[in-house]
Amino acid sequence: MLSCKKNEALEKTSDNEVFSKTASEEIDAYFLIATANISKAIISKSQIAQQKCQEGKIKKLSSEIETNQNELLHEIARMANQKLIIIINTDEKETNNDLYSLIDATKADFDKAYIDLIIESISDQIELLRSITRETNDTDIIKLSIKYLPTQYRFLDAAKAIKKDHDFLNSNNVIYKP
């Protein structure tokens, strides 16, 4: 009976006690979870690309992207652990659809499919990194974003250049019949 009264007292604590979160902490938690999920998806796509792609430039880029994303994911996991945040998969259905589309792509279509997906994913990640620098006061998160943004822009530019070259090559292989 006495222990029940103690539990009841804990349940009645005010909202500004130890376990309450501020809006800033919720934004930071969302950022860490979202960034980790994007990184995991990019890693998976890049691993598939290293196995299936035809072009050496794409294999090299996908390997560099995978290494970078693993480093970012490691830093995010460390930061999340320090902040007692559990990283959960939030967008599993879309990620799986992207992976299935890559796995199912024919050899002729794979390179283009991968480049299109990686451009989209890295663009999303850049937007997330940029937005968190405006919305947080957490210096560790800001430093993380500033550290990884230039590399993500470099990967985005490299992927766009490959796409442009790839599109140019494909347009030159079209045979026009009068």
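Thresholds, definitions, all that
Residues numbered from 1 in each chain as written. Predicted model: local features only at pLDDT ≥ 70, side-chain atom pairs only at ≥ 80, totals over all residues. Heavy atoms only, no water. Helix = DSSP H or I, 4+ residues; strand = E, 2+ residues; numbered from the N terminus. Expected span 1.5 Å × (residues − 1). Core = buried A, V, L, I, M, F, W, Y, C linked by side-chain atoms within 4.5 Å. Buried < 20%, exposed > 50% of the residue type's maximum accessible area, 1.4 Å probe, protein only. Contact = heavy atoms within 4.5 Å. pLDDT = per-residue confidence, 0-100. Phe/Tyr/Trp six-rings, centres within 6.5 Å; stacked < 30°, edge-to-face > 60°. Axes fitted to C-alpha atoms, helices over the stretch in contact; angles between N-to-C directions. Parallel < 35°, antiparallel > 145°, perpendicular 65-115°, else oblique. Left-handed = near helix turned anticlockwise from the far one by under 90°. Nonpolar A, V, L, I, M, F, W, Y, C, P; charged D, E, K, R; others polar. 1 Å grid on protein atoms, 1.4 Å probe; cavity = no way out; pocket = protein on both sides within 12 Å on 5 of 7 lines; lining within 4 Å. Points joined across faces, edges and corners; volume = space filled by probe spheres on them.

> Just checking my understanding: could you explain helix α3 (residues 56-82) for this structure?
For the α-helix, the turn length of 3.6 residues means that residues three or four positions removed from each other point alike. For α3, built from 27 residues, the straight-helix expectation of 39 Å at 1.5 Å per residue is met to within 8% by its first-to-last C-alpha distance of 39 Å. A positive backbone phi angle near 60° is found at leucine 84, which sits one or two residues after α3.

> Help me out: how do you make sense of the nonpolar core in this one?
Formed by 43 residues in total, the largest nonpolar core has its most connected members in Phe31, Ile65, Phe110, Tyr114, Ile115, Ile118 and Ile122. Of all elements in the fold, only α2 (23-52), α3, α4 (92-104), α5 (107-135) and α6 (139-172) reach the threshold of two or more residues within this core. Contacts of isoleucine 65, omitting those with residues within four sequence positions, involve Ile42, Ser46, Tyr114, Ile118, Ile122 and Phe155.

> Explanation requested: the confidence of the model for the chain in the structure shown.
Caution is warranted with low-pLDDT regions, since their predicted coordinates should not be read in detail. Residues with a pLDDT of 70 or more make up 78% of the chain, whose mean pLDDT is 82. Here residues 1-20 is a poorly scored stretch, pLDDT under 50, and it has 2 contacts once near neighbours within four places are set aside; other chains count. Confidence drops under pLDDT 50 across residues 174-178; counting only partners more than four residues distant or on other chains, this segment forms 0 contacts.

> How should I be thinking about the packing of aromatic side chains in this particular structure?
Two aromatic rings are characterised by how far apart their centres lie and by the angle between their planes. The tally for this structure, following the rule as stated, stands at 1 aromatic pair. An angle of 5° between the planes, with centres 6.3 Å apart, marks the rings of phenylalanine 110 and tyrosine 114 as stacked. One end of the pair is phenylalanine 110 and the other is tyrosine 114, both in helix α5 and 4 residues apart, which spans about a single turn. Each member of the pair, phenylalanine 110 as well as tyrosine 114, carries the same accessibility label: buried.

> Would you mind showing me how to read the packing of α2 against α3 here?
Between two packed helices, the angle of one axis relative to the other and the distance separating the axes together describe the packing. Running from amino to carboxyl end, α2 crosses α3 at an angle of 155°, the nearest separation of the two axes being 8 Å. Classified by the angle between their axes, α2 and α3 sit roughly antiparallel to one another. For α2 against α3, the interelement crossing comes out left-handed. Only Lys59, Ser62, Ser63, Ile65, Glu66, Gln69, Asn70, Leu72, Leu73, Ile76, Met79 and Ala80 of α3 make contact with α2, whose side of the interface consists of Leu32, Thr35, Ala36, Ser39, Lys40, Ile42, Ile43, Ser46, Gln47, Ala49 and Gln50. Here the residues of the contact of α2 with α3 are counted per class, giving 11 nonpolar, 9 polar and 3 charged.

> Sorry, what's going on with empty space enclosed by the protein here?
A water-sized probe, rolled over the atoms, reveals where empty space remains. According to the stated counting rule, one finds 1 cavity of 30 Å³ or more in the structure shown. Estimated volume of the largest cavity: approximately 30 Å³. The wall of the largest cavity is formed by Asp111, Lys112, Ile115, Ile162, Lys163, His166 and Asp167. Here the lining of the largest cavity gets 4 residues from one element, more than from any other, and that element is α6. Taken together, the residues of the lining of the largest cavity break down into 2 nonpolar, 1 polar and 4 charged.

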